[in-house]
Amino acid sequence: MSALLKVSQALKNPGQIYPLSLEMELEPVEMFAEQIAFGPVRLEGSYLGAGEVVTLTGVLTSEAILHCARCLAEVRVPLRAEVDERFSRAADPNAPDQYLFEGSEIDLTDCVRENLLLQIPMRVLCSPECKGLCPVCGSNRNLVSCTCLEGGEVANPFSALKAMVEENEEV
């Protein structure tokens, strides 16, 4: 489950393409104020060396474990990313998107994480018909039929604002 890619042969044999197939685990990350966990990550592709640069191309697949924007239920979202990245032993001001590496191994963790994070949707729903949470009691309306909103208005923390608006239209 290692994210290390040994590239000594690719650096010794420029232009030679080497197949790549690996599976790895990623640590959860925080994005959009939410902790995002990933299922097993699979990378299929190839890499080649040219001087002090290694080019990696392939396809990443995984799933992100997120929460529904309406009811907060866990949602598993399949992810797929096309990868075309460059790794270099020396920084190049003309190629700021290159990843740096030392020795004869490349740690793919940052590259994989960044490519998968770009595939995360900003908002996820467990289903298009999700009813969300009750704004009064907080119960999941997909699972429970609460009666909080039946029969008119219910006092909530924003009732005072509504009263202010009704009294003074300038608010």
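Further up the page is the structure itself.
These numbers were taken from a predicted model, which means no experiment stands behind them.

Caption draft 1: Inspection of the overall build of the protein chain at higher detail. Counting its secondary structure elements, the protein chain contains three helices and nine strands. Start at the N end of the protein chain and walk to the C end: the helices and strands fall as β-α-β-β-β-β-β-β-β-β-α-α. Residues counted as buried form 33% of the 171 residues belonging to the protein chain. Restricting to contacts in the protein chain with at least 6 residues of sequence separation, those with at least 24 account for 54%. In the structure as shown, the protein chain presents an accessible area of about 10,800 Å², 53% of it carried by carbon and sulfur atoms.

Caption draft 2: Quick peek at unusual backbone geometry. We note that Leu72 has phi near 70°; this positive angle belongs to a residue other than glycine. Here Leu72 lies in the loop between strand E6 (53-67) and strand E7 (74-88).

Caption draft 3: Inspection of the pairing of E7 at higher detail. By the bridge criterion, 15 bridges tie E6 to E7 in an arrangement that is antiparallel. Counterpart to Leu60 in the pairing with E7 is Ala81. Between E6 and the antiparallel strand that follows it, E7, lie six residues; Leu72 among them carries a positive phi value of about 70°. Here two bridges tie E7 to strand E8 (residues 99-100), and the two strands are oriented parallel to one another.

Caption draft 4: Focus on the side chain of Thr55. Assignment of secondary structure puts Thr55 in strand E6. Classification of Thr55 as buried rests on a relative accessible area of 19%. Those residues in contact with Thr55, other than ones at most four positions away along the chain, are Ser46, Tyr47, Leu48, Asp84, Glu85 and Arg86.

Caption draft 5: View of the pattern of salt bridges. Tallied over the full model, the rule gives nine salt bridges. In this structure, Glu74 engages Arg76 in a salt bridge whose closest nitrogen and oxygen atoms are separated by 3.8 Å. The salt bridge partner of Arg113 is Asp110, with a shortest N-O separation of 3.0 Å. Separated by three residues within a single helix, Arg113 and Asp110 lie in helix H2 (residues 109-117), roughly one turn from each other. Taking relative accessible area as the criterion, Asp110 reaches 41% and is therefore assigned partly exposed. One salt-bridge network, in which partners are shared between bridges, spans Glu23, Arg42 and Glu44.

Conventions and cut-offs
Residues numbered from 1 in each chain as written. Predicted model: local features only at pLDDT ≥ 70, side-chain atom pairs only at ≥ 80, totals over all residues. Heavy atoms only, no water. Helix = DSSP H or I, 4+ residues; strand = E, 2+ residues; numbered from the N terminus. Buried < 20%, exposed > 50% of the residue type's maximum accessible area, 1.4 Å probe, protein only. Contact = heavy atoms within 4.5 Å. Areas by Shrake-Rupley, 256 points an atom, 1.4 Å probe, with all protein chains shown as cover. Pairing = 2+ DSSP bridges. Salt bridge = Lys/Arg side-chain N within 4 Å of Asp/Glu carboxyl O.

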